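Summary of structural features
One letter stands for each residue in the lines below.
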Amino acid sequence: MSRRRRHVIDLDEMTAAEIEEILELTESMKEVLAREIKQVPTLRGRTVVNMFFEDSTRTRISFELAAKALSANVVSFSARGSSVEKGESLIDTVRTLQALGAEMVVIRHSQAGAPYLVAQHFAGAVINAGDGRHAHPTQALLDLFTIRERLDRIRGLKVVIVGDILHSRVARSDLWGLTRLGAHVTLCAPPTLLGPAHFWTATWPQISISHRLDEALEGADVVMVLRLQKERMQAGLLPSLREYSRAYALTPERLERLGAETLIMHPGPMNEGVEIWPEAATAPNSVIEAQVTNGVAVRMALLYWLAG
Ligand code: CP
């Protein structure tokens, strides 16, 4: 077993062996969740605070369920209704939570880098639950786990990530995880939703870039569709939603052309009828619900791994 880290801010800092170790632990956590009593005493007496400064359904609830399944004391903090609304800073908020007994902090924030700042002022463990466009490491871990669970491997698979890559923290964290475990990744997006291509190829030299989805989908083992992030988008990046959908959505026609074994993934929440059609989201080869379910076991594994 590798030496444990104190924080998990992104997968760029993790080795392939560490990622594999968390995926193995996730298998054990799935076994716990399959029992009649889905709880173990591993984190009894430890306090986990979920700090969400940005909206979330899957990540927030799965972290809460994960901490409870490990018998931790779980406290949910929302910026709305807290002293943040009176002007209290992020640093003072974290120091306050620490003084109240927090030992692990899970943070989602609209500002990239917020988890790094928290980690500098907090004595316990910090887990990034999504920061701006920067990173969403637990989403990437659950994506890796779901792919490996269904296809038995990651190495050598062709994974197409399509959609609003420019604004996607999921794409960035998935890129670290997938390339570290040996997948071949193709990014597919209109140029305005990709940003400078050299940024991607300089950071991950082994990936491919395409602006044509039908070509990119040829031979794909996994298609990961990303949400169009209208809340982070400047005006004018797209001619129209209809044109975007025609060129880049996973439509029933494209679904027909995919192999029956090709996994369809989406981190959620979905804009159905924009980047993915309901027929594709609910197809037999869609693992979108499995991704959500696996999120609890992955986050249990990570809490356990960090608690050491
Ligand atoms: N995938 C994801 O982060 O979803 P939530 O925003 O609902 O947590």
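Since we're looking at a predicted model, the values are computed, not measured. Starting from 1, residues in each chain are numbered consecutively following that chain's sequence as written. Local features are withheld for residues below a pLDDT of 70 in this predicted model, meaning they are given only at 70 or higher, and side-chain atom pairs are given and counted only at 80 or more; totals for whole chains, interfaces and linings count all residues. The side-chain figures draw on all heavy atoms in the structure; neither hydrogens nor water molecules are used.

Notes on the layout of surface pockets
Estimated volume of the largest pocket: approximately 390 Å³. A 1.4 Å probe that fits but cannot get out identifies a cavity on a 1 Å grid over protein atoms alone, an open set with protein on both sides within 12 Å along at least five of seven lines counts as a pocket, and a residue lines either if it has an atom within 4 Å of a point. Around the largest pocket, the lining is made up of 20 residues, and of these Arg 108, Arg 169, Arg 227, Gly 268 and Pro 269 lie nearest the centre. By the criteria applied, helices consist of DSSP H or I runs no shorter than four residues and strands consist of E runs no shorter than two, each listed in order from the N terminus. Only α2 (58–69) and α6 (169–180) provide two or more residues apiece to the lining of the largest pocket. An automatic or database domain assignment supplies the start and end points of every domain. Both of domain 1 (7–135 + 292–307) and domain 2 (137–288) provide at least three residues apiece to the lining of the largest pocket. Lining the second largest pocket are 14 residues, and of these Met 270, Ala 281, Ile 288, Glu 289 and Val 292 lie nearest its centre. Per element, the largest residue contribution to the lining of the second largest pocket is 4 residues, and it comes from helix α12 (residues 288–307). Grid points are joined across faces, edges and corners, and a volume is the space filled by probe spheres set on the points.

Considerations on the sheet that holds strand β9 (residues 263–265)
When DSSP finds two or more bridges between a pair of strands, those strands are recorded as paired. Spatially, β7-β6-β5-β8-β9 is the arrangement adopted by the 5 strands of the open sheet, whose pairing is parallel. For this open sheet the edge positions go to β7 (208–210) and β9, each flanked by a neighbour on one side alone. Strand-to-strand twist in this sheet, taken as the mean axis angle between neighbours without regard to direction, amounts to 20 degrees. Here strand β5 (residues 158–162) pairs with strand β6 (residues 184–188) via 5 bridges, running parallel. When the bridges of β6 are listed, Ile 161 appears paired with Leu 187. Two residues qualify as a contact provided that any one of their heavy atoms is within 4.5 Å of a heavy atom in the partner residue. Angles here are taken between N-to-C directions and fall from 0 to 180 degrees, while the axes themselves are lines fitted to C-alpha atoms, restricted in helices to the stretch in contact. Against the sheet, helix α5 (residues 137–151) makes contact with β8 (222–225) and β9, and its axis sits at roughly 160 degrees relative to β9, the strand it touches most.

Thoughts on the site of the ligand
Nearness of a residue to a molecule or strand requires only that one of the residue's heavy atoms be within 4 Å of it. Neighbouring the ligand are the residues Ser 56, Thr 57, Arg 58, Thr 59, Arg 108, His 136, Gln 139, Pro 267 and Gly 268. Two N or O atoms form a polar contact when they lie within 3.5 Å of each other; inside protein one atom must be a possible hydrogen donor and the other a possible acceptor, and for residues adjacent in sequence the pair counts only when both atoms belong to side chains. Contact between the ligand and Arg 108: an oxygen atom at 2.8 Å from a side-chain N or O atom of the residue. In isolation the ligand offers 260 Å² of accessible surface; the protein chains occlude 92% of this area. In this description, a molecule resides in a pocket or cavity if more than half of its atoms sit within 2 Å of the grid points defining it. Its atoms largely coinciding with the cavity grid, the ligand occupies the largest pocket. Charged residues are taken to be Asp, Glu, Lys and Arg, nonpolar residues to be Ala, Val, Leu, Ile, Met, Phe, Trp, Tyr, Cys and Pro, and polar residues to be all remaining types, Gly included. A per-class count over the shell around the ligand returns 1 nonpolar, 6 polar and 2 charged. The Shrake-Rupley method, run with a 1.4 Å probe sphere, supplies the accessible areas, and residue values consider only the shown protein chains as cover.

Concerning the UniProt feature "binding site: L-aspartate" (unreviewed entry) in the chain
UniProt positions are given in the numbering used here, feature names are shortened, and annotations may be inferred rather than shown by experiment. UniProt's feature table lists "binding site: L-aspartate" (unreviewed entry) at Lys 86, Arg 169 and Arg 227, given in the numbering used throughout. In terms of the greatest pairwise C-alpha distance, the residues named above, spread along 142 residues, do not form a single cluster, extending to 32.8 Å across. As for the annotated residues, the ones lining the largest pocket are Arg 169 and Arg 227. Its location among the elements puts Arg 169 in helix α6. As for its position among the elements, Arg 227 is in the loop between β8 and α9 (241–248). Not counting residues up to four positions away in its chain, the partners in contact with Arg 227 are Asp 164, His 266, Pro 269, Asn 271 and Glu 275.

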